[in-house]
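Take a look at the letters that make up each chain.
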Amino acid sequence: MADTMTVNGAHGAGGPGATKRDFLKLVASAGAVIGVGAIAWPLIDSMNPSADVLALSSVEVDLTPIAEGSGITVLWRGKPIFVRHRTAKEIKEAEDVKLSALIEPQADSARVKAGHAQWIVVIGICTHLGCIPLGNKPTDPRGDYGGWFCPCHGSQYDTSGRVRHGPAPLNLNLPDYAFESNTKIKIG
Amino acid sequence: MVGLHKSEFANPVINWIDTRLPIFTMMQKEYGVFPTPKNFNYFWNFGALAMVNLVIMIVTGIVLAMNYKPDAALAFDSVQRIMRDVNFGWMIRYVHANGASMFFIVTYIHLFRGLYYGSYKMPRELLWMIGVVILLLMMATAFMGYVLPWGQMSYWGATVITNLFSAIPVVGNSIVTWLWGGFAVGDATLNRFFSLHYLLPFVLVGVVFLHVAALHITGSNNPLGIEVKGPQDTLPFHPYYTVKDSVGICVFLLVFAVLVFFVPNFFSSPDNFIPANPLATPAEIVPEWYFLPFYAILRSVPNKLGGVMMMFGSIAVLFVLPWLDTSKVRSCKFRPVYRQFLFLLVIAVITLGTVGAHRPEGIWVYLGRVATLYYFLHFLVILPVLGKLERTLPLPESISRKVLPGGGGPLPGGAAAKPMEKM
């Protein structure tokens, strides 16, 4: 018994002749690793958003009640979405900004749907650490750029939802949405 | 009868068990006669206090879980029910909530003890590193526990802290969605935090066991920071240190009771009396006091990813501390220069804690950056360099030489102590 083990050990210790046992060890370990991974994945994936959470992933918004100059907040996937009716002056301000003056350069036209420049729809979550900026109501503080102001760490966004003053690093994110008619959008 | 333990206990029942499973012999060895340096000061109480605190947290937590509902719609009200309707619910919850603060007070003092007396040095490096793991587990448990009452500060604290992971390049947002189980902190998040908040304390018990096991291999450090040279330097753990620990436990419970019965909301935020509202952020989000220094480090760095890395780095640096400190001398008693720097570190951490509680404006930004800079400078530059340059004071020959005039006689218990010249 001891003799066979020594023999196998000698063969297994690398060297030019890889043995059948080396091969079996490799295949068995690789199989075990793949098996553990296959068992772990369902457990890990179960923590991702579930089907019922994903099912709630679109909402329709009627735009008629939103007065010019103010906005509303709708809940989409548990996140607040700002839908704001911009005034002509606000649109002009957003379009006239030089891109070089922006923290994350992006043209206003890339942030609204063509032909619907009076509607800006953004995810109302500050890109710094996730607070909800103020500014939907005309009476809210809107910061120096007339858009939104985050009370947590003082980030400021313009009327296109672009960050103009830190610490937020990015513009307010845009949700996927489409105009179903001139007065109705579908988010998600 | 080969393999049976030869028990020395006279009681036949204990003897019968001990013969088959020598737990009594083990307890006697590890907590009865266990040789412990005879010169401990009260700083050496805090390990035992932390253990008592952990037990208090687990016991109160198990009872609270019997009445708590981990559901976004029910959680806040179920906590109010515990406070108003459940028999002694108010007391159990206040003990649990303030127990978290007490746990961190005790642990931070325990950690300071380790820094001051060089308890992390050879051969106790692994013991120290296990301790840092315990600290990390404690922080994770405390953070998730704070989310459970589902008030405004719970909700927004969870949002801000989980959002830290979005700073990770490429996969950050997927990780955050995975942590949340949705697209914002919500019901799924609360439910899993409850599950993990219940689990982690028991993991903590396991790691604490390893911490103690490692301690019983190396033996305790002591205020002089020199190794035990023989039985004349030690006392049996029982009754000497069981009694000394009991004194500490009485004081600990006294402070604890004052918190629970007189100022139960001293450490809590008024915003957490408002139910969680995903559509309104409180004017100021402040974490619990024990996270403030780390929060201040996070905010001191203008770059999001940089801030997150510095914050985690401030704990990670403790892991490698045994190799950063190049001095062979353990105790600050014999390192006069290092002692000054260590007090500077304490001031820096307290400053960071104060900065973390204020809005990052004006002087606070500046103070936070200076203190952050010193924190890392201390560990990464001062410790390695100072160990080579510092002239340390002469170390005493042995513990008993220093403690007892004439070197101390044999143990009161009459253990086989030889005159130390021969050791």
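Read on for a plain summary of the structure. Computed from a predicted structure; not experimentally measured.

1. Side note on the overall build of chain B
Stage number 1. Counting its secondary structure elements, chain B contains 16 helices and two strands.
Stage number 2. Its C-alpha atoms give chain B a radius of gyration of 24 Å, within 12% of the compact-globule value 22 Å for 423 residues.
Stage number 3. Oriented by its inertia axes, the alpha-carbon framework of chain B measures out at about 75 × 60 × 45 Å.
Stage number 4. A total of 423 residues make up chain B; the buried ones form 50% of that total.
Stage number 5. At a minimum sequence separation of 6, the contacts of chain B that also span at least 24 residues come to 78%.

2. Some words on the nonpolar core
Stage number 1. Judged by nonpolar contacts, the single largest core of 118 residues is most densely connected at Tyr68(B), Leu115(B), Trp128(B) and Phe379(B).
Stage number 2. For this core, the element with the highest residue contribution is helix H6 (residues 125-147) of chain B, accounting for 14 residues.
Stage number 3. Each residue touching Tyr68(B), except ones within four places of it in the same chain, is listed here: Ala75(B), Ser78(B), Val79(B), Ile82(B), Leu148(B), Leu190(B) and Phe194(B).
Stage number 4. Formed by 14 residues, the second largest nonpolar core is a distinct cluster that contains Tyr177(A), Phe179(A), Ile185(A) and Ile187(A).

3. A closer look at the sheet that holds strand E9 (residues 184-187) of chain A
Residue and element names in this part refer to chain A.
Stage number 1. Ordered in space as E1-E9-E8, the three strands form an open sheet in which the pairing is antiparallel. At either margin of the open sheet sits one strand with a lone partner, and together these are strand E1 (59-62) and strand E8 (177-181). Along the sheet, successive strands turn relative to each other by an average axial angle of 25°, direction set aside.
Stage number 2. As judged from the four bridges shared by E1 and E9, these two strands associate in the antiparallel manner. Following the sheet pairing, Val59 is matched in E9 by Ile187.

4. What about the environment of Asn41(B)?
Stage number 1. On the secondary structure map, Asn41(B) appears in the loop between strand E1 (35-37) and helix H3 (46-65).
Stage number 2. Taking the C-alpha atoms as reference points, Asn41(B) and Pro223(B), 182 residues apart in sequence, are found 7.0 Å from one another.

5. Topic: the pattern of salt bridges
Stage number 1. Under the defined criterion, the tally for this structure stands at 14 salt bridges over all chains.
Stage number 2. For the salt bridge of Lys89(A) with Glu93(A), the shortest nitrogen-to-oxygen distance reads 3.3 Å. With Lys89(A) and Glu93(A) both in helix H4 (residues 88-96) and four residues apart, this pair spans about one turn of that helix.
Stage number 3. Accessibility expressed as a relative area gives 37% for Glu93(A), which makes it partly exposed.
Stage number 4. Residue Lys121(B) is joined to Asp325(B) by a salt bridge in which the shortest nitrogen-to-oxygen separation is 3.1 Å. On the criterion of sequence distance, the pair formed by Lys121(B) in the loop between helix H5 (89-116) and H6 and Asp325(B) in the loop between helix H13 (321-324) and helix H14 (336-356) is long-range, its members being 204 residues apart. Asp325(B) carries the same exposure label as Lys121(B), and that label is buried.
Stage number 5. Through salt bridges with shared partners, one network takes in Lys121(B), Asp325(B), Arg335(B) and Glu390(B).

About the cut-offs
- Within each chain, residue numbers correspond to sequence positions counted from 1 in written order.
- As they are written, the chains are lettered A onward and the ligands numbered 1 onward, keeping that order.
- A pLDDT threshold of at least 70 governs which residues receive local features in this predicted model, and a stricter bar of 80 or more applies before side-chain atom pairs are shown or counted, although totals over entire chains, interfaces and linings include all residues.
- Where side-chain values are given, they derive from all heavy atoms of the structure, hydrogens and water being excluded.
- Numbering of helices and strands runs from the N terminus; a helix is a DSSP stretch of H or I covering at least four residues, while a strand is a stretch of E covering at least two.
- Here the globule rule reads 2.2 Å times residues to the power 0.38, and the radius of gyration is calculated from C-alpha atoms.
- Each residue gets one of three labels from its accessible area relative to the maximum for its type: buried under 20%, exposed over 50%, partly exposed in between, using a 1.4 Å probe on protein chains only.
- Any two residues whose heavy atoms approach within 4.5 Å are treated as being in contact.
- The definition of a nonpolar core used throughout is a set of buried Ala, Val, Leu, Ile, Met, Phe, Trp, Tyr and Cys residues joined through side-chain atoms within 4.5 Å.
- Strands were regarded as paired on the criterion that DSSP finds at least two bridges between them.
- Interaxial angle, 0 to 180 degrees, is taken between N-to-C directions of lines fitted to C-alpha atoms, where a helix line uses only the stretch in contact.
- Every case where a carboxyl oxygen of Asp or Glu lies within 4 Å of a side-chain nitrogen of Lys or Arg is listed as a salt bridge.

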